[in-house]
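Spelled out, the chains give:
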Amino acid sequence: MRKKIVVLTGAGISAESGLKTFRDAGGLWEGYSVYDVATPEAWKRDPELVQQFYNERRKAVLEASPNAAHQALVKLEAKFDVSVITQNIDDLHERAGSSDVVHLHGIITKSQSDKKPELTYDIEGWELRMGELCELGSQLRPHVVWFGEAVPMIEIAAQICCKAEILIVIGTSLQVYPAAGLVDLAPGNALKFLVDVNSRPARQDIEEIIECASTGVPKLVQRLLDSEA
Ligand code: APR
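For clarity, every value in this text was computed on a predicted model and none was experimentally measured. (Residues numbered from 1 in each chain as written. Predicted model: local features only at pLDDT ≥ 70, side-chain atom pairs only at ≥ 80, totals over all residues. Heavy atoms only, no water.)

1. Focus: the overall build of the protein
Basically, it comes down to this: In this description a helix means any DSSP run of H or I spanning at least four residues, a strand means any run of E spanning at least two, and both kinds are numbered starting from the N terminus. Residue exposure (1.4 Å probe, protein chains only): buried if accessible area is under 20% of the type maximum, exposed if over 50%, otherwise partly exposed. Any two residues whose heavy atoms approach within 4.5 Å are treated as being in contact.
Along its length, the protein carries 8 helices and 9 strands. With respect to the principal axes defined by its C-alpha atoms, the protein has extents near 55 × 35 × 30 Å. Residues classed as buried in the protein amount to 50% of the 229 residues present. Look at the contacts in the protein between residues 6 or more apart in sequence, and 64% of them connect residues 24 or more apart.

Rendered as structure tokens:
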């Protein structure tokens, strides 16, 4: 029976692919207020600004490529049962080849109906425009979870984390819930690792690897593959 590895990723794993994080110096929340571009109220108040914010990010995602960290996680699938739970709305895990990816905060390459969120559509190219409507005739918005909205995938993610034999947390400040709470759902006897370029308050139960993702993750992956007969 293959051991279960659960990987929880945040913006830091995509930083070396050229995609901005949120809370680092020069991060996205330095240039924009969350309340202007990432809440349902912002969408009601100025939908054009919200579309523009996500169109710019979508363009950057389409121009980006998976880095060595995304690619190393795929290699784990040779010997382990791997589930990736990501807070990121880019599709770099999928483009690297990960076969099981749960997007907690949605995915930028899809739109959803403003009236019926279950209606989702692939976005061709980088731009989603006002006037593009769903089959019910209502405006299409980014298929992204905004602050204050429910996180539909959290139950599935929690069930996955409860089964982790190994938990790898990569590139997240763990400041946003409910995503951050997933770390504590992994069983007490699970092996836990945290790969982050910045050091964090030490936790006895988590081995910290203070390195950038593109070097820290491949090294950890090789260690785990070597340890698995
Ligand atoms: N390699 C590894 N870690 C990195 C790198 C790198 N090259 N660059 C930055 N980091 C780390 C930072 O030290 C930080 O801990 O990645 C983390 C980025 O934290 P945030 O910017 O807060 O991103 P994230 O944790 O993903 O934010 C969670 O907040 O705004 C919401 O919905 C948004 O999904 C996002 C959520």
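2. Thoughts on the environment of Leu224
With respect to the helices and strands, the residue Leu224 is situated in helix 8 (residues 213-227). If we skip the residues at most four places from it in the chain, Leu224 touches Ile5, Leu76, Phe80, Ile166, Ile168 and Phe193.

3. Description of the environment of Asp226
Mapping Asp226 onto the fold places it in helix 8. Asp226 gets classed as exposed once you look at its relative accessible area, which sits at 57%. Taking the C-alpha atoms as reference points, Asp226 and Lys79, 147 residues apart in sequence, are found 9.9 Å from one another.

4. Observations concerning the layout of surface pockets
The line we're drawing: Residues are said to line a cavity or pocket when one of their atoms sits within 4 Å of a point; the points come from a 1 Å grid over protein atoms alone, cavities being sets where a 1.4 Å probe fits but cannot get out and pockets being open sets with protein on both sides within 12 Å along at least five of seven lines. Grid points are joined across faces, edges and corners, and a volume is the space filled by probe spheres set on the points. Segmentation of the chain into domains, including their bounds, is taken from an automatic or database domain assignment.
What the largest pocket holds in volume is close to 770 Å³. Around the largest pocket, the lining is made up of 40 residues, and of these Ala11, Phe22, Arg23, Thr172 and Ser173 lie nearest the centre. Put simply, the parts of the chain that give the lining of the largest pocket at least two residues each are helix 4 (47-63) and strand 8 (191-196). Here the lining of the largest pocket spans two domains, since at least three of its residues come from each of domain 1 (1-19 + 66-105 + 150-229) and domain 2 (20-63 + 114-144).

5. Section: the site of the ligand
Stated formally: Nearness is judged by heavy atoms alone; a residue qualifies as near a molecule or strand once a single heavy atom is within 4 Å of it. In this scheme, a molecule is assigned to a cavity or pocket if more than half of its atoms are within 2 Å of the grid points. Throughout this entry, Asp, Glu, Lys and Arg are counted as charged residues, while Ala, Val, Leu, Ile, Met, Phe, Trp, Tyr, Cys and Pro are counted as nonpolar. The remaining residues, Gly among them, count as polar.
Residues in contact with the ligand amount to 24 residues; listed here are only the nearest, Arg23, Thr172, Ser173, Asp196 and Asn198. Mapping the ligand onto the cavity grids shows that it belongs to the largest pocket. For the shell around the ligand, the per-class residue count stands at 9 nonpolar, 9 polar and 6 charged.

6. Some words on the nonpolar core
Proteins that are soluble and globular tend to have nonpolar side chains buried together. What counts here: The term nonpolar core refers to a set of buried residues drawn from Ala, Val, Leu, Ile, Met, Phe, Trp, Tyr and Cys, joined through side-chain atoms within 4.5 Å.
If you look at the biggest cluster of nonpolar residues, it comprises 23 residues, and the most contacted ones within it are Ile5, Leu76, Ile168, Ile170, Val217 and Leu224. Elements represented by at least two residues in this core include exactly strand 1 (4-9), helix 5 (68-75), strand 2 (81-86), strand 7 (166-170), strand 8 and helix 8. Per-element accounting of this core gives the leading share, 6 residues, to helix 8. Val6, Leu8, Ala179 and Ile206 belong to the second-largest nonpolar core, a separate cluster that totals 21 residues.

7. Brief notes about the packing of aromatic side chains
Definition in use: Two rings belonging to Phe, Tyr or Trp (six-membered ring only in the last case) form a pair when the distance between their centres is within 6.5 Å. Interplanar angles under 30 degrees mark stacking, angles over 60 mark edge-to-face geometry, and anything in between is tilted. When the NZ atom of lysine or the CZ atom of arginine is within 6 Å of a ring's centre and also within 35 degrees of its normal, the charge is said to sit over that ring.
Evaluation of the coordinates by the stated rule reveals 7 aromatic pairs. Consider the rings of Trp29 and Phe53, whose centres lie 5.9 Å apart with planes at 20°: the pair is stacked. Of this pair, Trp29 sits in helix 1 (residues 28-31) while Phe53 sits in helix 4; the two residues are 24 residues apart in sequence, bridging distant segments of the chain. Here Trp29 matches Phe53 in class, with each residue buried. A ring pair is formed by Trp43 and Trp146, whose centres lie 5.8 Å apart and whose planes are at 40°; its orientation type is tilted. Here the residue Trp43 occupies a position in helix 3 (residues 40-45), and Trp146 occupies one in the loop between strand 6 (140-144) and helix 7 (154-162), the gap between them amounting to 103 residues. Residue class for Trp43 comes out buried when judged on its relative accessible area of 7%. Classification of Trp146 by relative accessible area gives buried; the value is 2%. Three or more aromatic residues joined by ring pairs form one cluster here, namely Phe22, Trp29, Tyr32, Trp43, Phe53, Tyr54, Trp146 and Phe147. When the ring centre of Trp126 is taken as origin, the NZ or CZ atom of Lys59, which lies over that ring, is 4.2 Å away. In this structure, Arg141 is placed above the aromatic ring of Trp146, and the distance from its NZ or CZ to the ring centre is 3.7 Å.

8. Here we look at the pairing of strand 8
What counts here: The rule for pairing is simple: two strands pair if DSSP sees at least two bridges between them.
Within strand 8, 5 of the 6 residues are buried, which leaves it mostly tucked inside the rest of the structure. Across 5 bridges, strand 7 lies against strand 8 in parallel orientation. Across the sheet, residue Val169 finds its bridge partner in strand 8, namely Leu194. Alignment of strand 8 against strand 9 (residues 207-210), held across 4 bridges, turns out to be parallel. Bridge pairing links Val195 to Ile209 in strand 9.

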